[in-house]
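Breakdown of the fold
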Amino acid sequence: MKRFFAAFLMLFLTFTTLAAEEITLKIPRGGNLSLVLKEAEIPMSEVNSVPKALSAHINLRKIKPSQEIRIIADRNAGENGKILKELVMETSFDERITVRHNGWSYEAFPEKLELRLIPKKAEGVIENSFYSDMASKGVPGTKIMELFRYFSFDVDFQRDIRKGDTFKVIYLDFVDENDEIVKHGPVMFAELNTRGTPLSLYGFVTDEGEYDFYNEKGKSMRKTLLKTPVTNATISS
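Keep in mind that this is a model prediction, so the values were computed, not measured. (Residues numbered from 1 in each chain as written. Predicted model: local features only at pLDDT ≥ 70, side-chain atom pairs only at ≥ 80, totals over all residues. Heavy atoms only, no water.)

Some points on helix H3 (residues 44-54)
As a reminder of what qualifies: Remark: exposure states derive from per-residue accessible area (1.4 Å probe, protein chains only) relative to the maximum for the residue type, with buried under 20%, exposed over 50%, and partly exposed in between. Helix and strand definitions here come from DSSP, where helices need a minimum of 4 consecutive H or I residues and strands a minimum of 2 consecutive E residues; each element is numbered from the N-terminal end. As used here, the arc is the angular range of directions from the helix axis to the C-beta atoms. We call two residues contacting when some pair of their heavy atoms lies within 4.5 Å.
Of all the positions in H3, only Glu46, Val47, Val50, Pro51, Ala53 and Leu54 are classed as buried. The arc that holds every buried residue of H3, seen down its axis, measures 160 degrees, which confines them to one face. Exposed and oriented more than 90 degrees from the buried face of H3 are Ser45 and Lys52. Buried residues along H3 sit against helix H2 (33-39), strand E3 (83-92), strand E4 (95-101) and strand E5 (106-112).

Here it is, written out as structure tokens:
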């Protein structure tokens, strides 16, 4: 009898697991949450209830195209379509909101993600270009362009950069509990050595909460004129 019950329980759990499927949906341009849920064969009663639960915490009109939404649905729901068991949506890089059925209706639960800041270091020699050589060392493109813009206050990338110049970068990454990168953080330090002359910048948050770059003397790297105008510059030199 015990063996029969254990076998039945295992079969029930297996069937329940197989009946549920996880689907990743994307909000199309000109579409909305209700539309993608309907196209995923979620019953209209639930299509109307889920946005209502979400609207208690977020402005649904601010959901942008290409926003990803993960749902877990029971595909063995009969004639009425799939039964929505859970919906998860990232509302920012460190926040998400989960919608579940509480037995009577759908309820939304905002959650602050526990992220860690991990320092990353990259250094190398410019052999091809400022951008490609930094990218080959794993520096994110957004950080390279940020450094290019600030170094351009003192460096003419069209004339000053030569093969053999070196760079160093220390920046931070936000990672989740699975050590997956969810967002690239700020640059803390960078050095560009051109023709034997090093130029360093330090990332710093002011008392007013503003982030900016400063040199070793504590002076802002921002200047009125760029040596390399960003609109006309090429960083392939």
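Overview of the environment of Ile71
Along the chain, Ile71 falls in strand E2 (residues 68-74). Distance from Ile71 to Thr24, taken between C-alpha atoms, is 6.4 Å for residues 47 residues apart in sequence. Beyond its immediate chain neighbours, meaning those up to four positions away, Ile71 contacts Glu21, Glu22, Ile23, Leu25, Leu37, Ala40, Ile42, Leu84, Glu86 and Leu87.

Quick notes on the nonpolar core
Worth spelling out the cut-off: Side-chain atoms within 4.5 Å are what join buried Ala, Val, Leu, Ile, Met, Phe, Trp, Tyr and Cys residues into a set we call a nonpolar core.
Counting 24 residues, the largest nonpolar core has Leu37, Leu54, Ile71 and Leu87 as the members making the most contacts within it. Of all the secondary-structure elements, those providing two or more residues to this core are strand E1 (20-26), H2, H3, E2, E3, E4 and E5. A total of 4 residues in this core trace back to one element, the largest contributor, which is H3. Ignoring anything within four residues of it in the chain, the contact list for Leu37 reads Leu25, Ile42, Val47, Val50, Ile71 and Leu87. With 23 residues, the next largest nonpolar core counts Ala122, Phe130, Ile144 and Phe153 among its residues.

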